[in-house]
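# Geometric and topological summary
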Amino acid sequence: MTEMTDRINQLTDWSKQAQEHVQSAIAQNQEELSAAIEQVQRETEQRAEQLRREAAAQKADDSASLQEASNKWQEHVATVKSRIQERKGELDVKRAELKAEDAEGYASFAIDFAGSAILEAESAALEALRARAEAEALASR
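Rules of the game
- Residues numbered from 1 in each chain as written.
- Predicted model: local features only at pLDDT ≥ 70, side-chain atom pairs only at ≥ 80, totals over all residues.
- Heavy atoms only, no water.
- Core = buried A, V, L, I, M, F, W, Y, C linked by side-chain atoms within 4.5 Å.
- Buried < 20%, exposed > 50% of the residue type's maximum accessible area, 1.4 Å probe, protein only.
- Helix = DSSP H or I, 4+ residues; strand = E, 2+ residues; numbered from the N terminus.
- Patch = residues over 30% accessible without salt bridge, like charges linked within 9 Å, V, L, I, M, F, W, Y side chains within 5 Å.
- Areas by Shrake-Rupley, 256 points an atom, 1.4 Å probe, with all protein chains shown as cover.
- Salt bridge = Lys/Arg side-chain N within 4 Å of Asp/Glu carboxyl O.
- Lys, Arg positive; Asp, Glu negative; His and termini not counted.
- Charge placed at Lys NZ, Arg CZ, Asp CG, Glu CD.
- Contact = heavy atoms within 4.5 Å.
- Phe/Tyr/Trp six-rings, centres within 6.5 Å; stacked < 30°, edge-to-face > 60°.

### Topic: the nonpolar core
- Within the largest apolar cluster, 6 residues are counted, these being Ala 25, Leu 33, Ala 36, Ile 37, Val 40 and Leu 126.
- With 4 residues, helix α2 (residues 30–57) is the largest single contributor of residues to this core.
- One finds Trp 14, Ala 18, Ile 111 and Ile 118 within the second-largest nonpolar core, a separate group that totals 5 residues.

### Regarding a negative patch on the surface
- Taken together, Glu 3, Asp 6, Glu 97, Glu 101 and Glu 104 make up a surface patch of like negative charges.
- Counting residues per element, the ones that place at least two in the negative patch are α1 (2–25) and α4 (93–139).
- Among the elements that make up the negative patch, the one with the highest residue count is α4 (3 residues).
- In this structure, Glu 3 sits in helix α1.
- Of the residues examined, Glu 3 reaches a relative accessible area of 53% and is grouped as exposed.

### Notes on the side chain of Arg 130
- The topology assignment puts Arg 130 in helix α4.
- With relative accessibility at 18%, the residue Arg 130 sits in the buried group.
- Beyond its immediate chain neighbours, meaning those up to four positions away, Arg 130 contacts Gln 30, Leu 33, Ser 34 and Ile 37.

### Focus: the packing of aromatic side chains
- Under the criterion given, the structure shown has 2 aromatic pairs.
- Relative to Phe 109, the ring of Tyr 106 has its centre 6.0 Å away and its plane inclined at 40°; by these criteria the two rings are tilted. One end of the pair, Tyr 106, and the other, Phe 109, are both in helix α4, 3 residues apart, so they sit about a helical turn from each other.
- Members of the aromatic cluster, joined through ring pairs, are Tyr 106, Phe 109 and Phe 113.

### A short note on the environment of Thr 44
- Position of Thr 44 relative to the elements: it lies in helix α2.
- For Thr 44, a relative accessible area of 13% corresponds to the buried category.
- Residues Thr 44 and Glu 120 lie 76 residues apart in sequence; the distance between their C-alpha atoms is 6.4 Å.
- What Thr 44 contacts, discounting residues up to four positions off in sequence, is Leu 119 and Glu 120.

Dropping the structure here:
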């Protein structure tokens, strides 16, 4: 259980970092903002590559779109709910342990997926700031 708590805390840290980066980017010039965007995009690409490797190791489809990921999430939730209903009366410790490991693995994947989404959101916010600054600069000419 501690591992899941640590992973959720990591997700919170990623979110806070994205918030801090976007907040500090407001005062940056175009060159600094472009450098920040490039850095976040590199991090996003690295995280995506890491997720692809992990997904391949778990025999998951690494080319799934956000819709596919959402569908898989809904299917997984339905499967888990179904399994819970089927196994409510079972006291088999081994099966319970395997089920817990499966759920922990999926939670880990979901956290990584959310972390990548946070990086993508940060990148999009930085791009929006740069685009707004460019528009304002052009308008003031």
